[in-house]
Amino acid sequence: MPARAKLNLDLEVVGRRPDGFHDLRTTFQAIDLHDLLEIEPATTTRMTAEGFALDNEDNSVIKAHGAMERAAGTTLPVKIHLIKRIPPGSGMGGASSDAAATLRALQTMFNMKIDVQGIAEELGSDVPFFLIGGRARAQGRGERLQRLDAEQSWFAIAWPGYELATAEVYKKWDEVNGESPNALSRAAEHVEPRLKRFKQQLGAGWQMTGSGSAFFQQVTTEREARHANKAIKNLGCWTVVAAAVPPWA
């Protein structure tokens, strides 16, 4: 099952909530860049992975699996293999998408009549979006979603090769605030000073997604996206071309 990435086409932080989280307004767009999750029945649950390194102590797939077992009130033994293609800590929602894909896969595999929406909200702010995909306007922590009409777009994406911790970026936002199109950009640059230099090297037309550290440029054709990535080839960063994808649920 593909666990697709997302981009934040815009992001406004409304303010800090009493529970320590932040309210935001953002437009999510799912793209065809994806991790690949393979799940099959087994006698005991075990997980393997390849690609980008995972945090074994804070793994979203294992958390999602555990949440489904608690909701079902029984064990759900499976063999899981994750091919990790979305850079971690990049602001493209890889961990959240992996969690949502796990929920959907287990629900189907075990024919479970469980409200995965509620579980998704508990697992993370972006997880509910990855249950539906496409393009959506999100509010609250990201869980209040309004579906938007699909638009065909292409994206050039550049990742500098280092991660940013979402919690640290939001904490810094409390001190420095920010402005459109991504109100977290200034905070991210304070958390990781190298990011400001990377943004300058990319040049005009590039925008940070989520809490960083990846940037994207939205264009109308695949050719334009490839041209944009070719123009920054000298930076030696990780790049990919991706297309917008419609809802899957």
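Structure: see above.
Residues numbered from 1 in each chain as written. Predicted model: local features only at pLDDT ≥ 70, side-chain atom pairs only at ≥ 80, totals over all residues. Heavy atoms only, no water.

Participant: What am I meant to see in the sheet that holds strand 9 (residues 215-219) here?
Facilitator: Strand pairs in the sheet, formed through backbone hydrogen bonds, run parallel or antiparallel to each other. One open sheet holds the four strands; their spatial order is 8-9-7-10, and the pairing between them is antiparallel. In the strand order of this sheet, the two ends are held by strand 8 (207-208) and strand 10 (238-243), each with one partner. Here two bridges tie strand 8 to strand 9, and the two strands are oriented antiparallel to one another. For Gln207, the partnering residue across the bridge sits in strand 9 and is Phe216. Seen against the sheet, helix 6 (residues 194-202) touches strand 7 (154-159), strand 8 and strand 9 and runs at an angle of roughly 25° to strand 9. Against the sheet, helix 7 (residues 222-231) contacts strand 7, strand 9 and strand 10, and its axis sits at roughly 20° relative to strand 7. (Pairing = 2+ DSSP bridges. Helix = DSSP H or I, 4+ residues; strand = E, 2+ residues; numbered from the N terminus. Contact = heavy atoms within 4.5 Å. Axes fitted to C-alpha atoms, helices over the stretch in contact; angles between N-to-C directions.)

Participant: What's the story with the side chain of Ser96 in this structure? I'm lost.
Facilitator: Position of Ser96 relative to the elements: it lies in helix 2 (residues 94-109). When near neighbours in sequence (up to four residues on either side) are disregarded, Ser96 contacts Asp126, Val127 and Phe130.

Participant: Could you clarify how one ought to interpret the pairing of strand 7 in this entry?
Facilitator: Counted residue by residue, strand 7 has six buried out of six residues, so it is predominantly covered. Burial along strand 7 is two-sided: Trp154, Ala156 and Ala158 and Phe155, Ile157 and Trp159, pointing in opposite directions, are all buried. As defined by bridge partners, strand 7 adjoins strand 10 across six bridges and the pair is classed as antiparallel. Its bridge partner being in strand 10, Trp154 is matched across the sheet by Ala243. (Buried < 20%, exposed > 50% of the residue type's maximum accessible area, 1.4 Å probe, protein only.)

Participant: Sorry if this is basic, but what is going on with the packing of helix 1 (residues 60-72) against helix 2 here?
Facilitator: Axes are the key here: two packed helices are described by the angle between their axes and the distance separating the axes. For the pair helix 1 and helix 2, interaxial distance at closest approach is 8 Å and the crossing angle is 35°. Here helix 1 runs over helix 2; the crossing is right-handed. Each of Ser60, Val61, Ala64, His65 and Met68 in helix 1 lies in contact with helix 2, whose residues at this interface are Ala95, Asp98, Ala99, Thr102, Leu103, Leu106 and Gln107. Its residues placed into classes, the contact of helix 1 with helix 2 shows seven nonpolar, four polar and one charged. (Left-handed = near helix turned anticlockwise from the far one by under 90°. Nonpolar A, V, L, I, M, F, W, Y, C, P; charged D, E, K, R; others polar.)

Participant: I keep staring at the nonpolar core and nothing clicks. Help me out?
Facilitator: Looking at soluble globular proteins, one finds that nonpolar side chains tend to be buried together. With 32 residues, the main nonpolar core has Leu37, Met68, Leu103 and Phe129 as its most contacted residues. Mapped by element, the contributors of at least two residues to this core are strand 2 (22-41), helix 1, strand 4 (78-84), helix 2, helix 3 (116-123) and strand 5 (135-139). Top contributing element to this core by residue count: helix 2, with six residues. Once residues within four sequence positions are removed from consideration, Phe129 is found in contact with Lys6, Phe28, Gln29, Ala30, Gly134, Ala136 and Leu145. The next biggest cluster of nonpolar side chains, apart from the first, holds 29 residues, and it includes Val13, Ala158, Val219 and Ala228. (Core = buried A, V, L, I, M, F, W, Y, C linked by side-chain atoms within 4.5 Å.)

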